[in-house]
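Letter by letter, the chains look like this.
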Amino acid sequence: MGTDTIERARLVDEADAVATRAATALGKLQRDDGHWVFELEADATIPAEYVLLRHYLGEPRDEEIEWKIGVYLRRIQSDAHHGWGLFHGGAFDISASVKAYFALKMIGDDVDAPHMKRARAAIHKAGGAAAVNVFTRIQLALFDAGPWSVVPTLPVELILLPRWFPVHLSKMSYWARTVIVPLLVLAAKKPVARNESGVKVDELYTAKRAPLESRAAGTKRAWTLFFNGLDVVLKLVEPLWPKGTRQRAIQACVDFVTERLNGEDGLGAIYPAMANSVMMFDCLGYPADHPARRVARTSVEKLLVVKDDEAYCQPCVSPVWDTALASHAMLEAGGDEAEARAAAGLAWLKPLQVLDVKGDWAEEKPDVRPGGWAFQYNNAHYPDLDDTAVVVMAMDRVKERVGPAYDEAVARGVEWTVGLQSKDGGWGAFDADNSYHYLNNIPFADHGALLDPPTSDVTARCVSMLAQLGETDSPRMQAALAFLEKEQMPDGSWFGRWGVNYIYGTWSVLCALNAAGLGDKHPMVRKGADWLLHIQNLDGGWGEDCESYALDYKGYTPAPSTASQTGWALLALMAAGRVDHPAVERGVRYLIATQGEDGLWGQEKYTGGGFPRVFYLRYHGYPAYFPLWAVARFRNLKRANDPHVAFGM
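To start, this report covers the structure provided alongside it. (Residues numbered from 1 in each chain as written. Predicted model: local features only at pLDDT ≥ 70, side-chain atom pairs only at ≥ 80, totals over all residues. Heavy atoms only, no water.)

**Structural notes on the pattern of salt bridges**
Now for step 1: As enumerated under the stated definition, the model contains 39 salt bridges in all.
Now for step 2: Among the salt bridges present, the one from arginine 260 reaches glutamate 259, with a minimum N-O distance of 3.5 Å.
Now for step 3: The shortest N-O distance in the salt bridge between arginine 461 and aspartate 386 comes to 2.8 Å. With arginine 461 in helix H17 (residues 456-468) and aspartate 386 in helix H14 (residues 385-397), this pair connects stretches of sequence that are 75 residues apart. As far as the burial class goes, arginine 461 and aspartate 386 line up, both buried.
Now for step 4: Connected via shared salt-bridge partners are Arg163, Glu363, Glu364, Lys423 and Asp433. (Salt bridge = Lys/Arg side-chain N within 4 Å of Asp/Glu carboxyl O. Helix = DSSP H or I, 4+ residues; strand = E, 2+ residues; numbered from the N terminus. Buried < 20%, exposed > 50% of the residue type's maximum accessible area, 1.4 Å probe, protein only.)

Structure representation (C-alpha cells):
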C-alpha cells in the first residue's frame, strides 16, 4: 500500500472520529422534546429597538436587562470605525449606529463617555441622524426626536385598495406586509413615546440633509422620480382624507394584525412586526391587559437571550430550520444514537406542518392546499418553501427506518411546494410570483427588501426535494432547471439570497443538480465546481464576507475561512463528483484542525442572509451541524468508494 493511500485512509479515519465527536456534541444540545434551537443573532438594531420600545410604552425600567443589553451593545461597537455595523467586523452603518447610541443614552450612558463621544463623531462624519434609513426615521419621529416630514408617506388607506392597484400589500413580501400594516396606523396617528426620562438625540444631527437611497438592485430613475413626486402629493393631500375612510382603514389594519397575531409567537414571528403591533395597540388606546396587546407584548419578550453578563434580543427564532438541518447532519453521521436523535427531531417537526390555514400565499394561489412548515415554532400564515423542502427531504431519508409514518406529511409538503412554483420556473421563499420590482423604487423601500422573488437557493432546495423523491424530467422540473441555468453567474457561481452568499448559493444549486441527475461533466456543474476550487483559501477552508452583496459586485473577494462556509463548499464539491479532488481533502483537514474541544466549531462571522445589504444573521447552529454534515459525508463517500451518489443536500 503506497504512502498516499495510507494517508488517505488515515484521513478517512480522522474524519470518522471528528464526525463521531461532533454528532455526540450536537446530540447534547437537543431539547428533551426532540428539537434543536440555536441563538439567532442580528445586529445592534434589534436590542436597541427593544430598549426603546420599553421606554416608548413607559414601562417600569428593568435595570438588570438594560444593563446587560448595554454590555452587549458596547461589546459589539467597532474598534475600527467606532460605530456599529450590520455584521461582525462590518463597515459603519449610520442607522444601526444611531439606534445603538440612542439606546445606550436611554440606558444611562454618559454622552461624554469615551465610547459615546467616538460613536457620535462617527455618526456626524457619516451625515448625522438625518442620514438614517426610513425605519430609523420613523423610530426617531415616534420619540419626537426627528420630524415626520422626512418619512415617506404610505397612507393607511393603502390597505383598502383593490388588489389590481399597482401598490398593494399583497404585492409586497410577507415580512414587509407584517411590518408595514401596524406601521400604517402609527404613521396615521403619529403618536409620541411616553419616554419618561425625556432622552433624545439632538446632538446627533448636523446641518446636512440626506436623501433616501434604495439598496435594491435594478431600481430605475424614471420610477424613482415618479414615486418621489407621488410622495410630495400624498403629503399635501393627507390632511384631506375623509375621516370615515381613515377610520375604516385603521380598523382594517387592526383586523389584519389581530387575525395574524400568532399567539405568543407574534405577528409574522419577527421582531419588527411584533414591536409595531404592540405600539399600534398602544396608540389606539388598548390597555396593557387587553388580550391582543398583552399577547403581542409577551411575544416580544420571548425573543430575549439573557446570559449572566449580557443580553440581546433576537430578530426571530429558528427551531424548524435548526431541527431539520441538524436532523440531516445526524442522519449523515449515522449510528444508532445519531439516527435516533434525528428521528426524534422529525417526530417533533411532524405536527408543526400547517395543514389548516390558508395564509397570505393563497392571495396568489387560492386553489393550493396548505402543507408547508414555517421557520419558527408557529407562524401558520407564513410557512416557507425552504423549510418545507428541507423537512420533506429529511423525512424521506428515514423512510426505510420508519415506514409510511411520514408519507402523508411528505405528500402534502410536496403538493404545497409545487403549487407555489412561480411562472419563471423558480421559487421564492414565501409567495409565488412576488416579483413586482417597480415597488423597490418607492421612497419607503430604501432598504431594498420589499419583495420575495424566486431565488437560486430556494429554487435549488425545491429541485432537490422533487429529485430526491424521483421526479427528474417533468415540465416543472425542466422549468426549474432552466431558471437555475439562467441564474448562474458568468464565473460559475450562484447568488445566495438567504446565506452568505455565492458559496451558499453554489452549494444549494450543485446539490440540486446532483439530485436531478446532471453529472459532473454538465457545463453548469463543472463551472460551479471550478469556481469553488478557484476560491479556496490557503488554509484549506472557504470564506466569504457579507460585503459580497454589494450592488457593484465585481467578483469574489477573499475572506477568512469559516466552518459553515467550508461545510457548504465541501458538500457542493462532493455533489459535483469531486470527492477525490485534493481540494476536498484540504477542506476536510481544515475542519479536522479547527474542531473545538467541545466537538463543535466556533464562528463569530455572520454567514446568514436576512436582507441583502441591510440585515444579516449569525446562525449559532451553522458551525454545529454543517461541518459535521460535510465531514460525515466525506467519510461515507470514501468508504462507499462511489463519488457519484445522488443526494439533494
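**Comments concerning the nonpolar core**
Now for step 1: Counting 228 residues, the largest nonpolar core has Leu26, Leu513, Leu532 and Tyr625 as its most contacted members.
Now for step 2: By residue number, the principal contributor to this core is helix H23 (residues 622-640), which donates 11 residues.
Now for step 3: If near-sequence neighbours (up to four positions away) are discounted, leucine 513 is found in contact with Leu481, Leu484, Trp494, Leu518, Met524 and Val525. (Core = buried A, V, L, I, M, F, W, Y, C linked by side-chain atoms within 4.5 Å. Contact = heavy atoms within 4.5 Å.)

**Side note on the state of the cysteines**
Now for step 1: Across all of its chains, the model carries 0 disulfides by this definition.
Now for step 2: In this structure cysteine 283 is a free cysteine whose sulfur lies 10 Å from that of cysteine 253, the closest cysteine sulfur available.
Now for step 3: The cysteine cysteine 546 is free of any disulfide, with cysteine 316 supplying the nearest cysteine sulfur at 16 Å.
Now for step 4: Taking relative accessible area as the criterion, cysteine 546 reaches 2% and is therefore assigned buried. (Disulfide = S-S within 2.5 Å.)

**Quick notes on the packing of helix H2 (residues 45-57) against helix H11 (residues 291-301)**
Now for step 1: Direction vectors running N to C along H2 and H11 enclose 150 degrees, while the axes themselves pass 11 Å from each other. Considering the angle they form, H2 stands roughly antiparallel to H11. When you trace H2 past H11, the crossing you get is left-handed. Touching Tyr50, Leu53, Arg54 and Leu57 of H2 are Arg293, Arg297, Val300 and Glu301, all from H11.
Now for step 2: Of the residues belonging to the contact of H2 with H11, the class tally is 4 nonpolar, no polar and 4 charged. (Axes fitted to C-alpha atoms, helices over the stretch in contact; angles between N-to-C directions. Parallel < 35°, antiparallel > 145°, perpendicular 65-115°, else oblique. Left-handed = near helix turned anticlockwise from the far one by under 90°. Nonpolar A, V, L, I, M, F, W, Y, C, P; charged D, E, K, R; others polar.)

**What about the side chain of glutamine 139?**
Now for step 1: Mapping glutamine 139 onto the fold places it in helix H6 (residues 134-142).
Now for step 2: A relative accessible area of 10% means that glutamine 139 is categorised as buried.
Now for step 3: Among all residues touching glutamine 139, those that are not within four sequence positions of it are Glu49, Leu52 and Lys99.

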